[in-house]
Amino acid sequence: MRRLPPLTAIEAFVQVARLGSIKAAAEELALSSPALSRRVQSLERFIAKPLFERRHQALKLNDDGDRLLGLIAPALDAMTDAVEAMTSGTELLRLRLGVLPLYATQQLLPRLPELKRRHPELHLDVDTAGHGVARLGDGLDAAIVIARDIDPGLYARRLDRNRVHVIGARSLIEGPDPITRPEHLARLTALVHRDMPETFTAWRAAAGVPELEPAAIDHFDSGNLMLEAAAQGLGVAFMLESHFEAARDERLVQLFDLTVESHYSYWFVCRPRALALRPVKLFHDWLVEALSASDL
């Protein structure tokens, strides 16, 4: 047989590559940081190439490291899955997932039948109570949240990039006094989600009306209720393009043909250690693949 590097060195390399930190990877593998560094260095000596760009308190894969990760990570994951399959029998896997109701309705639930076909052993406890990040490790294994950015101490995977739409009732553009210019919003109520408080101010700045003040600003903690309020003519909702497109509600229209990039994105988040748990990893990998396929 051809000589191979120690499996522990490969495992250390993959964890550091995925987490971008010696300290975080060491915690995942229950090692000291110096011990983990030695394992990574032993792999670099074995292949006679550096695999990382060393930066202050962080590591970034170089081209050789990125290529190696793509070649060996799937094989290592397959080995892990095989061992777990042999030891777990038919035991059910359960994931405690925090997710916002609108994302669950529009993006997650329509895709769950495919997850069930692929991993029938995986079951979800879905929690829509909010504050997902704060509850990680205390009631939740992972969460899908909307935010500008995520605490660097957590594992986070951005799930989308979006634009801000002004969403209103169709009657606003078909009535006797239609809304055709941003300035016309001064006579309407702005509907803003509590998790995206800067959406309205960012939109009006990008639209070139930074001094615009609506008649009032009403705050919601439910995207579903915001869309319904807009459809009922209670105000105009400052939401994401994906919210509008997925709603498929003939009562709603996008006001103004403006492209305004959103500061907010949906993220999959968990504690770094949780990513090694089989239910978390199965769901994470499936979700990333499913969303990538929908963008093709």
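The preceding data block contains the structure.
Conventions we followed
In every chain, residue numbers begin from 1 and rise along the written sequence. In keeping with the model being predicted, local features are shown solely for residues with a pLDDT of at least 70 and side-chain atom pairs are shown and tallied solely at 80 or more, while totals for entire chains, interfaces and linings include all residues. The side-chain values count all of the structure's non-hydrogen atoms but skip hydrogen atoms and water molecules. Numbered from the N terminus, helices here are DSSP runs of H or I no shorter than four residues, and strands are runs of E no shorter than two. Relative accessibility under 20% of the residue-type maximum defines a buried residue, over 50% an exposed one, and the middle range a partly exposed one, all with a 1.4 Å probe and only protein chains included. Contacts are assigned to residue pairs that have any heavy atoms within 4.5 Å of one another. Here the open area of atoms and residues is found with the Shrake-Rupley method and a 1.4 Å probe, where only the protein chains shown may cover a residue. When charges are tallied, Lys and Arg are placed among the positive residues and Asp and Glu among the negative ones, while His and the ends of the chain are skipped. Where a charge lies is defined by one atom per residue type: Lys uses NZ, Arg uses CZ, Asp uses CG and Glu uses CD. Only the stretch in contact is used when fitting a helix axis, every axis being a line fitted to C-alpha atoms; angles between N-to-C directions are given from 0 to 180 degrees. For classification purposes, an angle smaller than 35 degrees is called roughly parallel, one larger than 145 roughly antiparallel, one from 65 to 115 roughly perpendicular, and anything else oblique. A clockwise turn of the near helix away from the far one marks a right-handed crossing, whereas an anticlockwise turn of less than a right angle marks a left-handed crossing. Residues are grouped as follows: Ala, Val, Leu, Ile, Met, Phe, Trp, Tyr, Cys and Pro are nonpolar; Asp, Glu, Lys and Arg are charged; every other residue, Gly included, is polar. For two strands to pair, DSSP has to find at least two bridges joining them. Only buried Ala, Val, Leu, Ile, Met, Phe, Trp, Tyr and Cys residues count toward a nonpolar core, and they belong to the same one when joined by side-chain atoms within 4.5 Å. A pairing counts as a salt bridge when a side-chain nitrogen of Lys or Arg comes within 4 Å of a carboxyl oxygen of Asp or Glu.

## Here's the deal with the overall build of the protein chain
Line of reasoning, step 1. Scanning the protein chain for helices and strands turns up 11 helices and 12 strands.
Line of reasoning, step 2. C-alpha atoms of the protein chain, sized along the principal axes, occupy 80 × 45 × 35 Å.
Line of reasoning, step 3. Each of the 296 residues in the protein chain was classed as buried or not, and the buried ones make up 47%.
Line of reasoning, step 4. By sequence separation, contacts in the protein chain at least 24 residues apart represent 74% of the contacts at least 6 residues apart.
Line of reasoning, step 5. Per element, the accessible surface of the protein chain, about 16200 Å² overall, is 53% carbon and sulfur.
Line of reasoning, step 6. Distance between charge centres in the protein chain, computed from 35 positive and 40 negative side chains, equals 7 Å.

## Observations concerning the environment of Ile179
Line of reasoning, step 1. Position of Ile179 relative to the elements: it lies in the loop between α7 (171-174) and β8 (189-193).
Line of reasoning, step 2. Residue classification places Ile179 among the buried residues on the basis of a relative accessible area of 6%.
Line of reasoning, step 3. Sequence-wise, Ile179 and Leu255 are 76 residues apart; in three dimensions their C-alpha atoms are separated by 7.7 Å.

## Details of the packing of helix α1 (residues 7-19) against helix α2 (residues 22-29)
Line of reasoning, step 1. It is at 8 Å that the axes of α1 and α2 come closest, and there the two elements cross at 130°. The pairing of α1 with α2 is recorded here as oblique in orientation. As for how α1 packs across α2, the hand of that crossing is right-handed. From α1, Glu11, Ala12, Gln15, Val16 and Leu19 reach across to α2, where they touch Ile22, Ala24, Ala25, Glu28 and Leu29.
Line of reasoning, step 2. In terms of residue class, the contact of α1 with α2 is built from seven nonpolar, one polar and two charged.

## A few points about the pairing of strand β3 (residues 93-99)
On any regular strand, side chains alternate: one points to one face of the sheet, the next to the other face.
Line of reasoning, step 1. A large share of β3 lies buried, amounting to five of its seven residues.
Line of reasoning, step 2. Pairing analysis gives six bridges linking β3 to strand β4 (residues 122-127), with the strands arranged parallel. Bridging from a neighbouring strand, Leu95 pairs with Leu124 of β4.
Line of reasoning, step 3. For β3 and strand β5 (residues 142-147), the ladder comprises three bridges, and the chain directions are parallel.

## As for helix α5 (residues 101-108)
Line of reasoning, step 1. With respect to burial, α5 is a largely interior element, six of its eight residues being buried.
Line of reasoning, step 2. For α5, the complete set of buried residues consists of Leu102, Tyr103, Ala104, Gln106, Gln107 and Leu108.

## Considering the nonpolar core
Line of reasoning, step 1. Of all hydrophobic cores here, the largest spans 31 residues; its most connected members are Ile144, Phe268 and Phe283.
Line of reasoning, step 2. Those residues in contact with Phe283, other than ones at most four positions away along the chain, are Leu95, Leu97, Leu108, Leu115, Leu122, Leu124, Ile144 and Phe268.
Line of reasoning, step 3. Counting 25 residues, the second largest nonpolar core, distinct from the first, contains Val14, Ala25, Leu43 and Leu51.

## Focus on the sheet that holds strand β6 (residues 155-158)
Consider a sheet: its strands pair through backbone hydrogen bonds, and that pairing is either parallel or antiparallel.
Line of reasoning, step 1. Taken in spatial order, the five strands line up as β4-β3-β5-β12-β6 in an open sheet, and their pairing is mixed. Looking at which strands have only one partner, the edges of the open sheet turn out to be β4 and β6. For this sheet the average axis-to-axis angle between neighbouring strands, irrespective of direction, equals 25°.
Line of reasoning, step 2. Here α5 sits on the sheet in contact with β3, β5 and β12 (265-270), set at roughly 120° to β3.

## Remarks on the side chain of His165
Line of reasoning, step 1. Topologically, His165 is positioned in strand β7 (residues 163-169).
Line of reasoning, step 2. Once you skip the residues sitting within four places of it in the chain, His165 turns out to touch Ala237, Phe238, Met239, Glu241, Phe244 and Gln254.

## Some points on the pattern of salt bridges
Line of reasoning, step 1. Using the criterion set out here, one finds 17 salt bridges in the structure.
Line of reasoning, step 2. With a shortest N-O distance of 3.7 Å, Glu121 and Arg278 are connected by a salt bridge. On the criterion of sequence distance, the pair formed by Glu121 in the loop between α6 (112-118) and β4 and Arg278 in helix α11 (residues 278-294) is long-range, its members being 157 residues apart.
Line of reasoning, step 3. With its nearest N and O atoms 2.8 Å apart, the salt bridge here joins Glu241 to Arg163. A residue pair is termed long-range when its members are at least 10 positions apart, and Glu241 in helix α10 (residues 241-247) and Arg163 in strand β7 qualify at 78 residues.
Line of reasoning, step 4. Residues joined in a network through salt bridges with shared partners are Glu114, Arg117, Arg118 and Glu289.

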